[in-house]
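Residue-level structural notes
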Amino acid sequence: MAGTGPTEELAPQDSYLSTAEGHVLGVAEGGLYLDRTVFYARGGGQPGDVGTITWDEGSVEVVDTVRQDGKPFHVVAEGSVLPDPGTAVEGVIDWERRYLTMRTHTALHALSGVIFRDFGAKVTGGNMTPGEARMDFELDAISVEFGNEVERRLNEELVKGYPTEIIVMAREIALQDPDLIRTKVNLIPEFVTDIRVVDIKGLDRQADGGTHVHSTLEVGRIEVVKTESKGKANKRMRIRVTKADPL
Ligand SMILES: [Zn+2]
């Protein structure tokens, strides 16, 4: 049972929250739903959060968070004893992992901004794990030298400290924004009337539900670790954010 009522999702509102109190909305095979959660449900190329959910008599380890029945579903370790619906709980995410994911996600958006601005190529796909990511571009060719050049240009931009802003705009407005059109805002289901936009002001702007750092300074440095061809007009670049916390 997913439980009745919605889940208040805190991650898209404040990506820097690492704990939150709530109640069990419902339990199902392998996991549970909460009425309020700090866990990010896997989506838009960003992995789901892991962490712990604790209540008076016990706790469970959350090994993934996915979207199920339209709500974040906290997947628990096998053999876990689940709390009853209605139980008051506290959720705590693995913040180190999440923060690294936020740096990686913002790095990917900055990368797509630089590639479009300097080379006019659009993104065709992408994915990330905490600290590493890949992105595919509509480029005719790619080389190690090109990868090195992009690495240099991207790092040059990151240290400028572009602020990252979250904007919510009406669908009709979003559909007329050139940057959002380029990043295929029209593919968002029609029932979504408010579009969440991640605006790395002056560098990249796209509709996105993920969690990001406040400034490109927090990303630190990135390395382009691999470039490869995935077919005509589809070239892949793999990046890594350096592990050290930049601040
Ligand atoms: Zn994104």
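In this text, all values refer to a predicted model and were calculated from it rather than measured experimentally. (Residues numbered from 1 in each chain as written. Predicted model: local features only at pLDDT ≥ 70, side-chain atom pairs only at ≥ 80, totals over all residues. Heavy atoms only, no water.)

Thoughts on the coordination of the zinc ion
Those donors, H105 (NE2), H109 (NE2) and D208 (OD), are the protein atoms that reach the zinc ion, and they lie 2.0 to 2.1 Å from it. Donor residues for the zinc ion sit on one chain with the sequence pattern H-x3-H-x98-D. Linking H105 with H109, this pair stays in helix α1 (residues 95-119), spanning four residues, or about one helical turn. (Donors = N, O, S within 2.8 Å, 3.2 Å for Na, K, Ca; no water. Helix = DSSP H or I, 4+ residues; strand = E, 2+ residues; numbered from the N terminus.)

Remarks on helix α2 (residues 144-158)
Between its first and last C-alpha atoms α2 spans 21 Å; for 15 residues at 1.5 Å apiece the expected length is 21 Å, and the two agree. Taken together, the buried positions of α2 are F146, G147, V150, E151, L154, N155, E157 and L158. Take α2 and look down its axis: the buried residues cluster within an arc of 160 degrees, on one side only. Residues of α2 that are buried make contact with α1, β14 (222-229) and β15 (235-241). (Expected span 1.5 Å × (residues − 1). Buried < 20%, exposed > 50% of the residue type's maximum accessible area, 1.4 Å probe, protein only. Arc of directions from axis to C-beta. Contact = heavy atoms within 4.5 Å.)

Let's talk about the pattern of salt bridges
Taken as a whole and judged by the stated rule, the model has 22 salt bridges. As a salt-bridge pair, K230 and E228 come within 3.9 Å of each other at their nearest N and O atoms. Linked through salt bridges whose partners overlap, the residues forming this network are R117, D118, E149, R152, R153, E156, E157 and K160. (Salt bridge = Lys/Arg side-chain N within 4 Å of Asp/Glu carboxyl O.)

Things to note about the side chain of T104
Mapped onto the fold, T104 is located in helix α1. Those residues within four positions of T104 in sequence are excluded, and the remaining contacts are M128, T129, P130, G131, E132, A133 and V241.

What to know about the pairing of β15
On a regular strand, each side chain points to the face opposite its neighbour's, so the side chains alternate between the two faces of the sheet. Of all seven residues in β15, five are buried; the element is thus mostly enclosed. For strand β10 (residues 132-137) and β15, the ladder comprises six bridges, and the chain directions are antiparallel. Paired with R134 across the bridge in β15 is R238. Strand direction decides the pairing type here: β14 and β15, joined by seven bridges, are antiparallel. Counterpart to I222 in the pairing with β15 is V241. (Pairing = 2+ DSSP bridges.)

Side note on the pairing of strand β6 (residues 58-68)
Pairing between strand β5 (residues 51-55) and β6: five bridges, direction antiparallel. If you follow T52 over to β6, its bridge partner there is E61. Counted along the chain from β5 to the antiparallel partner β6, the turn is two residues long. Where β6 and strand β7 (residues 71-76) come together, six bridges link them in antiparallel fashion. Among the inter-strand pairings, V62 is bridged to a residue of β7, identified as V76. Linking β6 back to β7 in an antiparallel pair, the connection comprises two residues, with D69 at a positive phi of about 55 degrees.

Some thoughts on the packing of aromatic side chains
Counted according to the given criterion, the structure contains five aromatic pairs. Here the aromatic rings of Y16 and Y99 are separated by 6.4 Å at their centres, their planes lie at 55 degrees, and the arrangement is tilted. Of this pair, Y16 sits in the loop between β1 (8-9) and β2 (19-28) while Y99 sits in helix α1, placing them 83 residues apart in sequence. Overall, the relative accessible area of 10% leaves Y99 in the buried class. Pairing F119 with F146 gives two aromatic rings, centres 4.8 Å apart and planes at 65 degrees, and the pair type is edge-to-face. (Phe/Tyr/Trp six-rings, centres within 6.5 Å; stacked < 30°, edge-to-face > 60°.)

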